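Residues per chain are reported as follows:
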Amino acid sequence: METIPTVAERRAESWREELRQGMKAKERTAIHRVEMNELDPDYRSHNNEEVNQGLTEEQALREAQRCLDCVTPTCMEGCPVSIQIPSFIKNIERGNFLEAARVLKETSALPAVCGRVCPQEKQCESRCVHVKMKKAPVAIGYLERFAADYERESGQIAVPECAPSKGIKIAVVGSGPAGLSFAGDMAKRGYDVTVFEALHEIGGVLKYGIPEFRLPNRIVEVEIDGLRKMGVQFITNCIVGKTISYDDLHADGFRGIFVASGAGLPNFMNIPGENLIGVMSSNEYLTRVNLMHAASTDADTPVFKGKHVAVIGGGNTAMDSVRTARRLGAARAMIVYRRSEEEMPARIEEVKHAKEEGVEFLTLHNPIEYLGDENGRVKHMRLQRMELGEPDASGRRRPVPVEGAVETIDVDEVIVSVGVSPNPLIPQAFAGLEISKRGTIIVGEADMRSSLADVYAGGDIVRGGATVILAMGDGRRAAAAMDEALQEHKS
Ligand SMILES: Cc1cc2nc3c(=O)[nH]c(=O)nc-3n(C[C@H](O)[C@H](O)[C@H](O)COP(=O)(O)OP(=O)(O)OC[C@H]3O[C@@H](n4cnc5c(N)ncnc54)[C@H](O)[C@@H]3O)c2cc1C
Ligand code: SF4
C-alpha cells in the first residue's frame, strides 16, 4: 500500500505555493459559489435522467480558486474518511484533474457516489472557513463529483496501488458502501477479500434504494469495477447465515469477517389498513423500480403506477419514493409528514427538487387509517392534523394531534417510509454476538470490533439508518483495526 503524504507535506510542494501566491485571498473570497446546472423540472419529472448535471471545466476551475488552501483545513475534520480536501481541490485549480481523482481515491472507494449523495452541507462544507466569514462554503461535493466524473469519462481510471498478497482470506458480509470501503482498504493492504452479497447485484442501497435520477447505476458499477481490478472477489445470491454459516466461513479459512449487512428491514406504523393492496414499504417500491427496472415496458417485475400517491415520511427515502411516483405518472404525489418542513431529515436539495417537480407537501399531518374498496385495494387515507409541542428526546419539537381535525383524502397507492431497522439475520445467526436493544451490533467505537474476536461490523447494521459516508468511514476504521490485530497475531 502506498504511503500517503501528509497534508502539510503536500501543502509545501512548490506548485501549491505558487498557486497560493498567484491570487490574493481577497480575490478568492470575492468569487461567488458556483451553481450546479440542473435539468428543467417539467422535463425531468417525466424521465429517469440525472437531475444534477455536474460542473463544466470552467465552473470547476473557478470554484477551485475559491479554496484558500488553509494551513489547518477545517473542512477535513468534517469528512468521515479524511479526504485531503485542499489537495484535490488545488489539483483541480492547476488543471490536473486526474491527479485530483487519484488523491480522492487514496481515502475513498466511491468518490463519484459521495460527490452525489453525501450531505456535504452537514459535513465538510459546514466546516469550510468561508462559513466563518459568513460566505457560502467552497462547493467541495460538486468538485469531488467533477474530478471523479472527469476520470471516469477520460477512460484513464487509475487503480490504487495494492501491497503484494499476504495470503490471508477476509470475508465481507454485504456489498453496500460500508462493505465496499472496507474491501478496498483491505485489498490495498494485500489481503484476499471476498464480499458475500444476498442480492443478485452489488452495491446495497446505492443500487436498490437511491434512484437513477440521483445516482445512476452505471456510475456505481464503474466504482465497483475498480475494486474488482484491485482483486476483490464478489459472490452474489449468497445469504450469510442461511446459504453459508459463520462456521462455514471459518472452515473455508477466513481469518476475519466484516459485517456490513445494513438496515434493510422497513418499519411500519401498525395502523388499520396497512395491509391493504397498494400500501407498501418504500424499500419494496424502490427495489422494484431501481433494482428490477419495473417501470420499463419489457421488465418481468411489475409495479403499480398510482395516480394519487401518498408517501409517508420526511427523510431521503421518502423524497426518493415520491419523486419516483411522479416519474411513474402520478398526477398527485404527496408527502405526508407529521412535523413541519423545518424538522424534515431529508437533504434541503431533495426537498427543493421535489417541490419543483410538483410534489405536494402535507406537513403536520399523520395517517391514522387507510380505507379500502370491496377488493381490498386502498382508496382513502385518514389524516390527523398535528401541531408542534415541546421538544422531545431528539431535540425536535414533538408533534401533537389537533383534536377533532381529521381529513380524508383519496389515494390509490401509499408508500410507507417511516424508517428502517437493522437486518436481523446476522445478529441471529452468529452465536455470541452482542446486540443492542435496537437490534444493532455492538462494536468498539475506535476499532469496530464486536464481542466475537474475529468479527468487526460497520455501517447501518451498527448505526441504524445513517449515511453513505459514515458507513464508509466505519469500513475504513474496521480495516485499519483488523489489519493491526492480524499483524499482532502473526508476530
Ligand atoms: C432510498 C434511500 C436513499 C438514501 N439516500 C441517501 C443519501 O442521499 N445520502 C446518504 O448519505 N445516505 C442515504 N441513504 C442511506 C444510505 O444509503 C445508507 O446509510 C448506507 O447505504 C448504509 O450502508 P451499509 O453498507 O451499511 O448498508 P447497505 O447499503 O444497506 O448494504 C447492505 C448490503 O448487505 C446485504 N446483506 C444483508 N444481509 C446479508 C446477509 N445475511 N448476507 C449477505 N448480504 C447481506 C444487503 O443485501 C445489502 O446489499 C439512503 C437510503 C435509502 C434507503
Ligand atoms: S476550509 Fe474551505 S477554504 Fe479552507 S481548505 Fe477547506 S475547502 Fe478550502
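Per-chain numbering applies: the sequence of each chain, read as written, is numbered from 1 onward. The naming scheme follows written order: chains are lettered A onward, ligands numbered 1 onward. Residues qualify for local features only when their pLDDT is at least 70, as the model is predicted, and side-chain atom pairs are given and counted only at 80 or more; totals for whole chains, interfaces and linings, by contrast, use all residues. Only hydrogens and water are set aside when side-chain values are computed; all heavy atoms of the structure are taken into account.

- An unreviewed UniProt entry lists the protein under the name Dihydropyrimidine dehydrogenase subunit A, from Tannerella sp. oral taxon BU063 isolate Cell 1/3.

**Here we look at the UniProt feature "domain: Dihydroprymidine dehydrogenase" (unreviewed entry) in the protein**
Thought 1: UniProt tags residues 45–155 as "domain: Dihydroprymidine dehydrogenase" (unreviewed entry).
Thought 2: End-to-end, the C-alpha atoms of residues 45–155 are 31 Å apart, and along that stretch the chain is 54% helix and 0% strand. UniProt positions are given in the numbering used here, feature names are shortened, and annotations may be inferred rather than shown by experiment. Strands are runs of DSSP state E lasting at least 2 residues, helices are runs of H or I lasting at least 4, and numbering of each runs from the N terminus.

**Thoughts on the site of ligand 2**
Thought 1: Residues in close proximity to ligand 2 include Cys67, Leu68, Cys70, Pro73, Thr74, Cys75, Pro86, Cys128, Val129, His130 and Ile140, which together make up its full environment.
Thought 2: Only α6 (74–77) and α10 (129–132) provide two or more residues apiece to the shell around ligand 2.
Thought 3: Polar here means any residue outside two lists: the nonpolar Ala, Val, Leu, Ile, Met, Phe, Trp, Tyr, Cys and Pro, and the charged Asp, Glu, Lys and Arg; Gly therefore counts as polar. Its residues placed into classes, the shell around ligand 2 shows 9 nonpolar, 2 polar and no charged. Only a single heavy atom is needed: when it lies within 4 Å of a molecule or strand, its residue is near that molecule or strand.

**Here we look at unusual backbone geometry**
Thought 1: Positive phi, normally seen in glycine, also occurs at Lys134, with a value near 60°.
Thought 2: On the basis of relative accessible area, Lys134 is assigned to the exposed category, the value being 77%.
Thought 3: Here Met448, not a glycine, exhibits a phi torsion of approximately 60°, which is positive.
Thought 4: Relative to the elements of secondary structure, Met448 occurs in the loop between α19 (425–429) and β15 (455–457). Remark: exposure states derive from per-residue accessible area (1.4 Å probe, protein chains only) relative to the maximum for the residue type, with buried under 20%, exposed over 50%, and partly exposed in between.

**Section: the pairing of strand β7 (residues 308–312)**
Thought 1: Burial analysis of β7 places 4 of its 5 residues in the buried class, which makes it a mostly covered element.
Thought 2: Here, a strand pair is defined by DSSP locating no fewer than two bridges between the strands. Two strands pair when backbone bridges link them, and β7 and strand β8 (residues 332–337) are joined in this way by 5 bridges, in the parallel orientation. Bridge pairing links Ile312 to Val336 in β8.
Thought 3: As defined by bridge partners, β7 adjoins strand β13 (residues 413–416) across 4 bridges and the pair is classed as parallel. The partner of Ile312 across the bridge, within β13, is Val416.

**Comments concerning empty space enclosed by the protein**
Thought 1: The definitions used throughout rest on a 1 Å grid laid over the protein atoms alone, on which a cavity is an enclosed set of points accommodating a 1.4 Å probe that cannot get out and a pocket is an open set flanked by protein within 12 Å on both sides along at least five of seven lines; lining residues are those having an atom within 4 Å of a point. Grid points are joined across faces, edges and corners, and a volume is the space filled by probe spheres set on the points. According to the stated counting rule, one finds 5 cavities of 30 Å³ or more in the structure shown.
Thought 2: As a volume, the largest cavity reaches approximately 270 Å³.
Thought 3: What lines the largest cavity is a set of 23 residues, among which Lys105, Ala109, Pro111, Glu223 and Gly226 lie closest to the centre.
Thought 4: Elements with a contribution of two residues or more to the lining of the largest cavity: α8 (97–107), α9 (111–117), α11 (140–154), α12 (177–188) and α14 (217–229).
Thought 5: Taken together, the residues of the lining of the largest cavity sort by class into 11 nonpolar, 5 polar and 7 charged.
Thought 6: Both domain 1 (7–154) and domain 2 (169–264 + 422–489) contribute no fewer than three residues apiece to the lining of the largest cavity. Boundary definitions for the domains trace back to an automatic or database domain assignment.

**Here's the deal with the side chain of Gln123**
Thought 1: Take Gln123: it is sitting in the loop between α9 and α10.
Thought 2: Note on Gln123: relative accessible area 13%, which makes it buried.

**What about the site of ligand 1?**
Thought 1: Surveying the vicinity of ligand 1 reveals 36 residues, the closest of which are Val117, Glu197, Arg214, Val240 and Asp460.
Thought 2: At 2.6 Å, a side-chain N or O of Glu197 approaches an oxygen atom of ligand 1.
Thought 3: Polar contact is defined as a pair of N or O atoms within 3.5 Å, subject to the rule that within protein one atom must be able to donate a hydrogen and the other to accept it, and that residues adjacent in sequence are counted only when both atoms are side-chain atoms. A distance of 3.1 Å separates an oxygen atom of ligand 1 from a polar backbone atom of Ala466.
Thought 4: For ligand 1, whose unbound accessible area comes to 1000 Å², protein coverage reaches 94%. Reported accessibility uses the Shrake-Rupley method at a 1.4 Å probe radius. Residues are deemed covered only where the shown protein chains occlude them.

**Concerning the domain arrangement of the protein**
Thought 1: By domain assignment, the protein separates into domain 1 (7–154), domain 2 (169–264 + 422–489) and domain 3 (265–419).
Thought 2: Look at where the C-alpha atoms of domain 1 and domain 3 centre, and you get two points 34 Å apart.
Thought 3: By buried area we mean how much accessible surface two parts lose on assembly, using a 1.4 Å probe and totalling the loss over both. Both faces considered, domain 1 and domain 3 share a buried interface measuring about 1000 Å² in area, 34% of it formed by carbon and sulfur atoms.
Thought 4: Taken as a group, Arg44, Ser45 and Glu121 account for 38% of the area that domain 1 buries against domain 3, more than any other trio of residues on that side.
Thought 5: We define a salt bridge as a contact between a side-chain nitrogen of Lys or Arg and a carboxyl oxygen of Asp or Glu at a distance within 4 Å. The interface formed by domain 1 and domain 3 contains 4 salt bridges.
Thought 6: Two residues, Arg44 and Glu356, come together in a salt bridge whose shortest N-O distance is 2.6 Å.
Thought 7: The interface formed by domain 1 and domain 3 holds 11 residue pairs in polar contact (both at pLDDT 80 or more) in total.
Thought 8: When residues of the side of domain 1 that touches domain 3 are traced back to their parent elements, those giving at least two are α4 (41–44) and α9.
Thought 9: Split by residue class, the side of domain 1 that touches domain 3 holds 6 nonpolar, 6 polar and 5 charged.

**Things to note about the environment of Tyr285**
Thought 1: Tracing the chain through its elements places Tyr285 in helix α16 (residues 282–291).
Thought 2: Residue Tyr285 is classed as buried on the basis of its relative accessible area, which comes to 1%.
Thought 3: Separated by 158 residues in sequence, Tyr285 and Arg127 have C-alpha atoms that sit 36 Å apart.

**A look at α16**
Thought 1: Judged by how many residues are buried, α16 sits mostly within the fold: 7 of 10 residues are covered.
Thought 2: Among the residues of α16, those classed as buried are Ser282, Asn283, Tyr285, Leu286, Val289, Asn290 and Leu291.
Thought 3: Positive phi appears at His293, one or two residues downstream of α16, with a value of about 50°.

**Comments concerning the sheet that holds strand β9 (residues 360–363)**
Thought 1: Ordered by their spatial adjacency, 5 strands build an open sheet running β6-β13-β7-β8-β9, and the pairing between neighbours is parallel. The open sheet is flanked by β6 (279–281) and β9, the only strands paired with a single partner. Going from strand to strand, the sheet's axes swing by 20° on average, the running direction of each strand aside.
Thought 2: In this analysis, two residues are considered to be in contact whenever any of their non-hydrogen atoms come within 4.5 Å of each other. An axis is simply a line fitted to the C-alpha atoms; with a helix, the fit covers only the stretch in contact. Between two such axes, the angle follows the N-to-C directions and lies from 0 to 180 degrees. Against the sheet, helix α17 (residues 316–327) engages β7, β8, β9 and β13, with an angle of about 165° to β8.

**Observations regarding the packing of α17 against helix α18 (residues 348–356)**
Helix packing for two helices is described by the angle between their axes and how far apart those axes are.
Thought 1: At a minimum axis distance of 10 Å, the contact between α17 and α18 shows a crossing angle of 20°. Compared by their axis directions, α17 and α18 come out roughly parallel. For α17 against α18, the interelement crossing comes out left-handed. For the pair formed by α17 and α18, the contact residues are Asn316, Met319 and Arg323 on the first element and Glu350, Val351, His353 and Ala354 on the second.
Thought 2: Per-class residue counts for the contact of α17 with α18 are 3 nonpolar, 2 polar and 2 charged. By definition in this entry, angles of less than 35 degrees are roughly parallel, angles greater than 145 are roughly antiparallel, angles of 65 to 115 are roughly perpendicular, and the rest are oblique. Each crossing gets its hand from how the near helix is turned against the far one by less than a right angle, where anticlockwise is left-handed and clockwise is right-handed.

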